[in-house]
Each structure stands twice: as structure tokens, then as C-alpha cells.
Amino acid sequence: MDSGAWHVKGRFQLGVAILTTLVLMASACGHAQRPERKTYVVSEDARGVGIAEGPGTGGSGADAYCGEWQKQCFQKCWRRKPRESSIPKHSAAHHEYCTTTCLKEFMKCVEEQRTLEQQDAKRELQFHNMTSALDWLREHKAEVALGTVVVVAGVAFTLAVAPAGLLVLSPI
């Protein structure tokens, strides 16, 4: 073989090596990057977390929801004549009857809400990258509870409040 053939073959091999290196580098950047194990700020203000009405609102959400339900129950009961004919309407006995009846409804509601919250707590939020996780959490702040597990590219975080009142994702 003459030196010209070696020169062409060497250039071809060099070109293949460069192309292979570029393809490997590009494909390495194509997968989701694992986020650093550091705390990320979701919001400057933690107010409004878990305030959505209904089940799974987290924290005191169940008590607030059921408390409102209890108030409405009492008002409805107080406006009506008690089922027991021996209790005069708007008497102390009527007040006690409505209070007891609606307290039972409140306790039933709280238990149902807690059961639903436990089912929701078993689910975890999963995202491919930190940007999409933070964007989603900012938009859905009222729907998540403190302590929610958020998995970003295989790294687990929990939703918490920092001492300064910031809503943050902290690594678990």
C-alpha cells in the first residue's frame, strides 16, 4: 500500500472516531439529568398550600372542610323541628340535639377525609426534570399537601416550608 492509501484510511478512522465521540456526547445529554441533592425553592410564600376544597387537601384541610360541613349541618338542624317530638324547637334540648347530631357528622367527615388523604399520600408525584416539577408545583400549590413526596429523575424530595416561610423541595 502506498502512503496515500494510509493517509486516506487514517483520515477515515479519525473521522469515524470524532463522529462516534460526538454521537456519544450528544446521547449522554439526551437523557434526563439527575437533579442535585439540594433544596429547591418552589415559591417565596408557602401560603395557599393544600387549600383546595375536597379530599386530599392535606394538613388542616380536612378539619376546615368538615368544620364548614358541621356549621351547615347545625344551621339546617336548628331551622327544622327535631325528629323527637319531645324536644321543643329552639330549646336547649334542641340545641344539644343539633350539636350532638352534627358532631357525629363532623367526625364521620374527618375520618373519610383522612382515609382519602392517606390514599393520596401513597401516590407520589414524578417528573423527568426539576424545571417541570417546580413549574407544576407552582401552578398546583393548593392541590398538594406539605410532606408530599416528589420524585424528580429518580431523586426523591419532600414538599416542606423553610424557616423563612419559603415553600421548598428538600431531598429525602
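Right above here is the structure, for reference.
Residues numbered from 1 in each chain as written. Predicted model: local features only at pLDDT ≥ 70, side-chain atom pairs only at ≥ 80, totals over all residues. Heavy atoms only, no water.

Asks: Account for the sheet that holds strand β4 (residues 155–161), with residues named and values stated.
Replies: Note on sheets: strands pair through backbone hydrogen bonds, and any given pair is parallel or antiparallel. Read across the sheet, five strands follow the order β1-β5-β4-β3-β2 without closing on themselves; strand pairing throughout is mixed. Among the strands making up the open sheet, the edge pair consists of β1 (40–43) and β2 (125–127). Along the sheet, successive strands turn relative to each other by an average axial angle of 30°, direction set aside. As defined by bridge partners, strand β3 (residues 149–152) adjoins β4 across four bridges and the pair is classed as antiparallel. Counterpart to Val 151 in the pairing with β4 is Ala 156. (Pairing = 2+ DSSP bridges. Helix = DSSP H or I, 4+ residues; strand = E, 2+ residues; numbered from the N terminus. Axes fitted to C-alpha atoms, helices over the stretch in contact; angles between N-to-C directions.)

Asks: Could you give an account of the state of the cysteines, naming the residues involved and the relevant values?
Replies: Enumeration according to the criterion identifies three disulfides in this entry. Linked covalently through their sulfurs, Cys 73 and Cys 102 form a disulfide whose S-S length is 2.1 Å. One disulfide, between Cys 73 and Cys 102, carries an S-S torsion of -80° and so falls in the left-handed class. Of this pair, Cys 73 sits in helix α2 (residues 61–79) while Cys 102 sits in helix α3 (residues 92–122), and the two are 29 residues apart along the sequence. With respect to burial, Cys 73 and Cys 102 carry one shared label: buried. Disulfide pairing is shown between Cys 77 and Cys 98; the S-S distance is 2.1 Å. The sign of the S-S torsion, about -80°, decides the handedness of the disulfide formed by Cys 77 and Cys 98: left-handed. Placement of the pair is Cys 77 in helix α2 and Cys 98 in helix α3, with a sequence separation of 21 residues. On the basis of relative accessibility, which here comes to 13%, the residue Cys 77 falls in the buried class. Judged by relative accessible area, Cys 98 falls into the buried class, the value being 0%. (Disulfide = S-S within 2.5 Å. Buried < 20%, exposed > 50% of the residue type's maximum accessible area, 1.4 Å probe, protein only.)

Asks: Explain the nonpolar core residue by residue, including any values.
Replies: Core analysis: the biggest nonpolar cluster contains 17 residues, and Val 42, Met 130, Leu 137, Phe 157, Leu 159 and Leu 169 have the highest contact counts within it. Contributions of two or more residues to this core are made by β1, α4 (130–139), β3, β4 and β5 (167–171). Grouped together as the second largest cluster of nonpolar side chains are six residues, Cys 73, Cys 77, Ile 87 and Tyr 97 included. (Core = buried A, V, L, I, M, F, W, Y, C linked by side-chain atoms within 4.5 Å.)

Asks: Lay out the environment of Ala 153 with the relevant residues and their values.
Replies: Tracing the backbone through its elements, the reader meets Ala 153 in the loop between β3 and β4. You can call Ala 153 buried: its relative accessible area is 17%. Remark: the alpha-carbon pair of Ala 153 and Met 130, spanning 23 residues in sequence, is separated by 8.0 Å.

Asks: Outline the environment of Glu 105, supporting the account with residue identities and numerical values.
Replies: Structurally, Glu 105 can be placed in helix α3. On the accessibility criterion, Glu 105 (33% relative accessible area) is partly exposed. Distance in space between the C-alpha atoms of Glu 105 and Cys 66 is 8.5 Å, their sequence separation being 39 residues. For Glu 105, the residues in contact, after removing those within four places along its chain, are Trp 69 and Cys 73. (Contact = heavy atoms within 4.5 Å.)

Asks: Quick rundown of the pattern of salt bridges? Include the residues and the values.
Replies: Charged atoms that come close allow side chains of opposite charge to pair. Tallied over the full model, the rule gives two salt bridges. Across the pair Arg 47 and Asp 45 runs a salt bridge whose closest N-O atoms are separated by 2.6 Å. Given a relative accessible area of 66%, Arg 47 falls into the exposed group. Note on Asp 45: relative accessible area 28%, which makes it partly exposed. Taking the shortest distance from any N to any O, the salt bridge between Arg 138 and Asp 135 comes out at 3.7 Å. Residue Arg 138 and its partner Asp 135 are located together in helix α4, separated by three residues, close to a single helical turn. (Salt bridge = Lys/Arg side-chain N within 4 Å of Asp/Glu carboxyl O.)

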